[in-house]
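# Inside the fold
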Amino acid sequence: MTVRTRFAPSPTGYLHIGGARTALFNWLHARHHGGAFVLRIEDTDLERSTPEAVNAILEGMAWLGLDYDEGPFYQTQRFDRYREVIHQLLESGHAYRCYCSKEELEAMREAQRARGEKPRYDGRCRERTDFPQGEEPVIRFRNPREGQVVVEDLIHGRIVFDNTELDDLIIARADGTPTYNLTVVVDDMDMKITHVIRGDDHINNTPRQINILKALGAPLPKYAHVPMIHGENGRKLSKREGAASVLEYRDMGLLPEAVLNYLVRLGWSHGDQEIFSPDEMIRYFDIQDVNKAASALNQQKLLWLNQHYIKTLPVEHIARHLRWHLGRLGIDTNTGPELERIIEAQRERAKTLRGMAENSAFFYQEISAYDEKAARKHLVAETEPLLNELKAAFGKLPEWSAERLHAVIQSTAEKHGLKLGKVAQPLRVACSGGTVSPPIDITLELLGREKVLKRLEDAIEFIRSSQL
RNA sequence: GCUCCCAUCGUCUAGCGGUCUAGGACGUCGCCCUCUCACGGCGAAAACCGGGGUUCGAGUCCCCGUGGGAGCGCCA
């Protein structure tokens, strides 16, 4: 039987890091087995679902490169089918109408809690034969009252639930709309899902879903419940430390390759290997190797991976992403050096593409203001003659190359009995606006003679005017 | 409260009864390289939650405890 997995987010928020990993594992499992990966949007909660969230999910998946073979399917478009199944369940006696009011149910739960019991529906409408007028009933699934449900989880192993722990859950609301546990079951059945890979917060839903599946006479999928992801502090994921949209990771300047690599290593490993290309992930991934314990997010490692990919991915590939980030900063890359050359010069000193874009802005646009501290230290009276001298020498250079530039800087430093840094730093501040840039000779070469001379002139002017 | 899940360095993890004086990675701390920031190189500190079993032998299996987490909605 061919493997079929699905990712079934509810569009009530953005695609966060935990959801992204669930999607990734489903995708990997399907790809590894040459099966199909289905995307299903669980939007039955009309109140909380939004089209923006749907878009964020779709966009996030696209950015990560998690392509699906079928879907996106929307549950709101399948209400007729759910109604049909609910009827079927009613007909076969696997479901019944419940006329209990919300207040009544709340009172019941209250009493159970007071007795130290687990709150659950006691089945008081189970055998009811009268049909009160007025009240619209909900439909409940008639859960078996004896025996056990055994889940053979691919990650956790055997998990056993007593049916007495389960109650008769609502499968249709009073307004006739289906609830989660019903729609999941119907969809997984109809879409012939063979492997349900989801967060382990769903473990407790599994026996209920299995019972419904059995009542429907449907084959049972295999289950794999992946551990949760916690925030940096080891506690529940909060918005600011990763629950944010994966699109925010994109905006932050991360490469999808890095995010994917980071996510796959959260709860899964292949010996001591740290770096995985998508192809390698697909080749080595086995859902059974996934860990059982929750793992905490570690931004440092994510950034390290990002830097790794910035350093090693083909320059043209980085260029596509960097251009996008420069664009966001309002920078037109036609006004300066070739982007690929910037990347070669910058890739070893950037943790994020956004940082790289910011640090490369001076190649394309004028320096709006010198870094204050840097100017105070390097653009001072003592350095003015130095800059003057360099400017004159640069102006006469027969060839504008890093080698020639380096020679000039070197000899200037020697002539004044200075270490290279004493000359390089003022130059750097004058030409880049700050104290950080690629090696000075390369920076100058990339900038071009015209801009360098102009900026030296501006710097000299700056020194003079700040002395008044 | 009840049910279920989980437990190796700060973090991600290797380990699937002997090869563990517990390996790798991020981070941290030294040293080297160096025109800035970085990259890189070398090195160091750092963990089997506790207690009982099983076994010739336990990080690895079982039980209990402790500590985390999830679920218990006419949310998904």
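In case you missed it, the structure is sitting above this.
Right, let's walk through the structure included here. Since this is a predicted model, take the numbers as computed values, not measurements. (Residues numbered from 1 in each chain as written. Chains lettered and ligands numbered in written order. Predicted model: local features only at pLDDT ≥ 70, side-chain atom pairs only at ≥ 80, totals over all residues. Heavy atoms only, no water.)

Below, the discussion takes up the environment of Trp304. Residue position: Trp304 is located in helix 10 (residues 299–312). Taking C-alpha positions, Trp304 is 18 Å from Pro278, a pair spaced 26 residues apart along the chain. (Helix = DSSP H or I, 4+ residues; strand = E, 2+ residues; numbered from the N terminus.)

With that settled, the discussion passes to the protein's contact with RNA strand B. In the neighbourhood of RNA strand B, 62 residues make up the surrounding shell, with Gly116, Arg173, Gly267, Glu348 and Arg349 lying closest. Between RNA strand B and the protein, one listed contact pairs a sugar or linking oxygen with a side-chain N or O atom of Asn204 at 3.4 Å. Contact distances for RNA strand B include 3.0 Å between a phosphate oxygen and a side-chain N or O atom of Lys311. If you list the elements that add at least two residues to the surface near RNA strand B, you get helix 4 (102–114), strand 7 (157–162), strand 12 (295–296), helix 10, helix 17 (420–432) and helix 18 (440–447). Here the surface near RNA strand B is composed, by residue class, of 21 nonpolar, 19 polar and 22 charged. (Near = heavy atom within 4 Å. Polar contact = N/O pair within 3.5 Å; in protein donor to acceptor, adjacent residues only side chain to side chain. Nonpolar A, V, L, I, M, F, W, Y, C, P; charged D, E, K, R; others polar.)

Below, the discussion takes up the packing of helix 8 (residues 256–264) against helix 10. Between helix 8 and helix 10, the least distance of the axes is 8 Å, while the angle of their chain directions is 135°. Our classification of the angle between helix 8 and helix 10 gives oblique. In terms of crossing hand, the pair formed by helix 8 and helix 10 is right-handed. In this structure, helix 8 contributes Glu257, Ala258, Val259, Asn261 and Tyr262 to the contact, and helix 10 contributes Lys301, Leu302, Leu305, Asn306 and Tyr309. Looking at side-chain class alone, the contact of helix 8 with helix 10 contains six nonpolar, two polar and two charged residues. (Axes fitted to C-alpha atoms, helices over the stretch in contact; angles between N-to-C directions. Parallel < 35°, antiparallel > 145°, perpendicular 65-115°, else oblique. Left-handed = near helix turned anticlockwise from the far one by under 90°. Contact = heavy atoms within 4.5 Å.)

Right, let's talk about a positive patch on the surface for a bit. On the surface, Lys373, Lys377, Lys419 and Lys422 cluster together into a patch of positive charge. For Lys422, the location among the structural elements is in helix 17. (Patch = residues over 30% accessible without salt bridge, like charges linked within 9 Å, V, L, I, M, F, W, Y side chains within 5 Å. Areas by Shrake-Rupley, 256 points an atom, 1.4 Å probe, with all protein chains shown as cover. Salt bridge = Lys/Arg side-chain N within 4 Å of Asp/Glu carboxyl O. Lys, Arg positive; Asp, Glu negative; His and termini not counted. Charge placed at Lys NZ, Arg CZ, Asp CG, Glu CD.)

Right, let's talk about the sheet that holds strand 5 (residues 138–141) for a bit. If you walk across this open sheet you meet the three strands as 4-5-8, and the pairing is antiparallel. Of all the strands in the sheet, just strand 4 (95–98) and strand 8 (170–172) have a single pairing partner and so form its edges. For this sheet, the mean angle separating the axes of adjacent strands, direction not counted, is 45°. Sheet topology places strand 4 next to strand 5; four bridges connect them, and they run antiparallel. Across the sheet, the residue bridging to Cys98 is Val138, located in strand 5. (Pairing = 2+ DSSP bridges.)

So, about the layout of surface pockets. Leftover empty space is mapped by rolling, across the atoms, a probe with the size of a water molecule. As a volume, the largest pocket reaches approximately 1100 Å³. Every residue lining the largest pocket is counted, 40 residues in all, and those nearest its centre are Pro9, Ser10, His16, Asp201 and His202. Contributing elements (two or more residues each) for the lining of the largest pocket: strand 1 (4–7), helix 1 (17–32), helix 5 (180–190), strand 9 (195–199) and strand 11 (229–230). No other element matches the five residues that helix 1 contributes to the lining of the largest pocket. Grouping the constituent residues of the lining of the largest pocket by class yields 14 nonpolar, 17 polar and nine charged. (1 Å grid on protein atoms, 1.4 Å probe; cavity = no way out; pocket = protein on both sides within 12 Å on 5 of 7 lines; lining within 4 Å. Points joined across faces, edges and corners; volume = space filled by probe spheres on them.)

It is worth spelling out the pairing of strand 1 at this point. Where burial is concerned, the two faces of strand 1 agree: the one with Arg4 and Arg6 and the one with Thr5 and Phe7 are both buried. Relative to strand 2 (residues 36–41), strand 1 is paired through four bridges, and the arrangement is parallel. Among the inter-strand pairings, Arg6 is bridged to a residue of strand 2, identified as Val38. (Buried < 20%, exposed > 50% of the residue type's maximum accessible area, 1.4 Å probe, protein only.)

It is possible for side chains bearing opposite charge to pair when their charged atoms get close. This structure, assessed with the given rule, holds 36 salt bridges. One salt bridge in this structure joins Glu106 and Arg109, with 3.5 Å as the shortest N-O distance. Pair noted here: Glu106 and Arg109 are both in helix 4, with a separation of three residues, about one helical turn. Take Arg109: its relative accessible area is 30%, and that puts it in the partly exposed class. Taking the shortest distance from any N to any O, the salt bridge between Asp167 and Arg208 comes out at 3.1 Å. On the criterion of sequence distance, the pair formed by Asp167 in the loop between strand 7 and strand 8 and Arg208 in helix 6 (residues 206–215) is long-range, its members being 41 residues apart. Accessibility expressed as a relative area gives 13% for Asp167, which makes it buried. Residue Arg208 is classed as buried on the basis of its relative accessible area, which comes to 18%.

The terminal C-alpha atoms of helix 15 (residues 384–396) lie 19 Å apart, and with 13 residues this matches the ideal 18 Å at 1.5 Å per residue to within 8%. Residues Glu384, Leu386, Leu387, Leu390 and Phe394 constitute the buried set of helix 15. Buried residues of helix 15, viewed axially, fall in a sector of 155°; they line one side. (Expected span 1.5 Å × (residues − 1). Arc of directions from axis to C-beta.)

The quantities given are spatial measurements derived from coordinates; they are silent on function.
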